[in-house]
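Listed below are the residues making up each chain.
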Amino acid sequence: MAMQIIRSVSDLEAFVGKTLGNGKTIGLVPTMGALHEGHLSLVKRAVAENDVALVSVFVNPTQFNNPVDLATYPRNEEEDFRLLAGEGVTAVFAPTVEEMYPEGTERDHEFDLGTAAEVMEGKFRPGHFQGVAQVVSRLFRLCRPTRAYFGEKDFQQIAVIRNMVDSEHIDVEIVPVPIKRADDGLALSSRNALLTEEQRKVAPEIHAALAYSVEYSKSHSVKATHDTVVERIDAVPHMNVEYFEIVDGRTLLPIDEWEESPDIVGCITVYCGKVRLIDNIRYK
Ligand code: PAF
C-alpha cells in the first residue's frame, strides 16, 4: 500500500483512531528529517516490530536555542518521503509549525525531566530538553504509539525522554537503537551534510579518539582518560571540544573512579568549524 502523507492533526487523529480501533500496534519514529542510514535503522526496527510504522518529520523550533542553527538545519522533505516509502513505512506525519503548535510555541508548563536534563547538553543548550519534551510529549499524545524509537547517538536525550514519560505518565515503550557510523567511524548525523570537505575528512577523529580511549581507560584513571580524548581532538585543525564527560549511564552524573558504576559512558560534543557534532562511547 502507498505510504500516507499526513499534514494535519485532525487527519493524524483519524489515522491513529482507526489503527488502534483495528487492534494494531503503532511504532513511532520521531525525526527532524534530513534522513540518513541512522534514521533508517530506527525505521527498519519500527516496521519489523509493529503492525504500523509511523514516522514524524518536523524540525521543532522550540528545541533550538540558537536561531542560526534552526535556520541552517538541513531540510529535504521530498527525499525523506522517498526513503521512507522504500522502507515500507505506513504513514508520515509532516506538519507545519502552526499545525503542531496552534496556540503558539510558548510552553504551557515546565516538564519534570530530572537531573539528567541539567548536565551536558542541558548546560550548553539551555531550554533544549524542555523543547524536546514539549514536541515528543505532543507526538506521543497524538500518535499513541506502542513503541517509540530513538537513536543512541543522542544518549542523553533518551534518558531525558524516559524521565518525561515517567513524569507525564505516558504509556509507551522507549526503544534505544545503536549508533550508525560511516565506514570511517563518524557517527551519522543530519548535521554532517553541513561539513566542508576538509572538515568531513577530520571529523572521524572524534570516534577514533573515543575508541582509543576505551583501551587506554583499562590502565588509566577517569581524569587521564578524559584528558587524553580532549587533547587529541583539540589538536586536530577545525576541531574544538565543547565538553567531554564520563558519566554514569543511568544518572548521567560524572564519575571520578571506574569502580563507581557498572554502567559508564563518555559523552562528547565537538565543534567542527561551526558544525556541532555529538557522539558517545561505552566504557562498561
Ligand atoms: O532527535 C531528534 O531528531 C529530535 O530531538 C526529536 C526526538 C525528533 C524531537 O524533535
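Residues numbered from 1 in each chain as written. Predicted model: local features only at pLDDT ≥ 70, side-chain atom pairs only at ≥ 80, totals over all residues. Heavy atoms only, no water.

### Overview of the side chain of asparagine 192
For the record, the criterion: Secondary structure elements are taken from DSSP: a helix is a run of H or I of four residues or more, a strand is a run of E of two residues or more, and numbering for both begins at the N terminus. Contact between two residues is taken to exist if any of their heavy atoms lie within 4.5 Å; hydrogens are not considered.
Examined against the element boundaries, asparagine 192 turns out to sit in the loop between β6 (173-177) and α9 (197-202). Ignoring anything within four residues of it in the chain, the contact list for asparagine 192 reads Leu186, Ala187 and Leu277.

### Here we look at the site of the ligand
For clarity, the cut-off: Here, proximity means that at least one heavy atom of the residue falls within 4 Å of the molecule or strand. Here, Shrake-Rupley sampling with a 1.4 Å probe gives the accessible areas, and only protein chains in the shown set may cover a residue.
Looking at the ligand, the residues that line it are Pro30, Thr31, Met32, Asn60, Gln63, Val135, Val136, Phe150 and Gln157. Protein coverage of the free-state accessible area of the ligand, which is 290 Å², stands at 88%. For the shell around the ligand, the secondary-structure elements that each account for two or more residues are β2 (26-31) and α7 (128-143).

### As for the nonpolar core
Cut-off, in case you're wondering: For this analysis, a nonpolar core means a set of buried residues of the types Ala, Val, Leu, Ile, Met, Phe, Trp, Tyr and Cys, connected via side-chain atoms within 4.5 Å. For the exposure calls, accessible area comes from a 1.4 Å probe over protein chains only, and a residue counts as buried if that area is under 20% of its type's maximum, exposed if over 50%, partly exposed in between.
Counting residues in each nonpolar core, the largest one holds 46 residues, and the members touching the most others are Leu54, Phe140, Ile161 and Met164. No other element matches the nine residues that α7 contributes to this core. Non-local contacts of leucine 54, meaning those with residues more than four positions away in its chain, are made with Leu12, Phe15, Val16, Ile26, Gly27, Leu28, Val29, Ala91, Val92, Phe93 and Cys143. Within the second largest apolar cluster, 25 residues are counted, among which are Ala209, Val229, Ile281 and Tyr283.

### Describing unusual backbone geometry
Not every positive phi belongs to a glycine, and methionine 120 is a case in point at roughly 45°. Tracing the sequence through the fold places methionine 120 in the loop between α5 (97-100) and α6 (121-124). Classification of methionine 120 by relative accessible area gives buried; the value is 1%. One non-glycine residue with positive phi stands out, namely histidine 238, at about 80°.

### Thoughts on helix α2 (residues 37-49)
Rules: The length a helix should cover is 1.5 Å for every residue beyond the first.
Helix length check: α2 (13 residues) gives 18 Å between terminal C-alpha atoms against 18 Å at 1.5 Å per residue, within 8%. Of all the residues in α2, the buried ones are Gly38, His39, Leu40, Ser41, Leu42, Val43 and Ala46. Buried residues belonging to α2 abut β2, β3 (52-57), α4 (77-86), β5 (147-151) and β6.

### Brief notes about the pairing of β6
Spelled out, the test is: Strands qualify as paired when DSSP identifies two bridges or more between them. Call a crossover right-handed when, viewed with both strands pointing away from you, the route from the first strand across the helix to the second goes clockwise.
When β5 meets β6, the two strands line up parallel, connected through five bridges. Residue pairing across strands places arginine 147 opposite glutamate 173, the latter belonging to β6. For the handedness criterion, the β-α-β arrangement of β5, helix α8 (residues 155-167) and β6 is classed as right-handed.

### So, the sheet that holds β6
Put simply, the test is: Every axis corresponds to a line fitted to the C-alpha atoms, with the helix fit spanning only the stretch in contact, and the corresponding angles, defined between N-to-C directions, vary from 0 to 180 degrees.
Spatially, six strands are ordered β1-β4-β3-β2-β5-β6 in an open sheet, and the strand pairing comes out parallel. Each of the sheet's edge strands pairs with one partner strand only, and the pair in question is β1 (4-6) and β6. Here the strands of the sheet are splayed against their neighbours by 25° on average, with no regard to which way each runs. When β2 meets β5, the two strands line up parallel, connected through two bridges. Within the sheet, the bridge partner assigned to leucine 28 lies in β5 and is alanine 148. Across the sheet, α4 touches β1, β3 and β4 (91-93), and the angle it forms with β3 is around 170°.

### Digging into the environment of aspartate 256
Take aspartate 256: it is sitting in the loop between β7 (239-248) and β8 (264-272). In this structure aspartate 256 comes out as exposed when scored by relative accessible area, which is 59%. The spacing of aspartate 256 and isoleucine 246 is 10 residues in sequence and 8.3 Å in space, taken between C-alpha atoms.

### Topic: the packing of helix α1 (residues 9-21) against α7
To keep things clear, this is the line we draw: Reported orientations rely on four angle classes, namely roughly parallel under 35 degrees, roughly antiparallel over 145, roughly perpendicular from 65 to 115, and oblique for the rest. All residues other than Ala, Val, Leu, Ile, Met, Phe, Trp, Tyr, Cys, Pro, Asp, Glu, Lys and Arg, Gly among them, are scored as polar; the first ten of these are nonpolar and the last four charged.
Packing of α1 against α7 brings their axes to within 9 Å, and their N-to-C directions diverge by 50°. Relative to α7, α1 is oriented oblique. Facing Val9, Leu12, Glu13 and Val16 of α1, the residues of α7 in contact are Arg138, Leu142 and Cys143. A breakdown of the residues in the contact of α1 with α7 according to their chemical character gives five nonpolar, no polar and two charged.

### What about the pattern of salt bridges?
Put simply, the test is: Salt bridges are counted wherever a side-chain nitrogen of Lys or Arg sits within 4 Å of a carboxyl oxygen of Asp or Glu.
Throughout the structure, instances matching the rule amount to 21 salt bridges. The closest approach of N and O atoms between arginine 45 and glutamate 49, which form a salt bridge, is 2.5 Å. One end of the pair is arginine 45 and the other is glutamate 49, both in helix α2 and four residues apart, which spans about a single turn. A relative accessible area of 32% means that glutamate 49 is categorised as partly exposed. Ionic pairing is found between arginine 191 and aspartate 69, a salt bridge with its closest N-O pair at 2.6 Å. Placement of arginine 191 in the loop between β6 and α9 and of aspartate 69 in helix α3 (residues 67-72) is noted, with a sequence separation of 122 residues between them. Look at the salt bridges and you will find they share partners, linking Asp69, Glu121, Arg125, Arg191, Glu242 and Arg276 into a network.

These results come straight from atomic positions and should not be treated as a statement about function.
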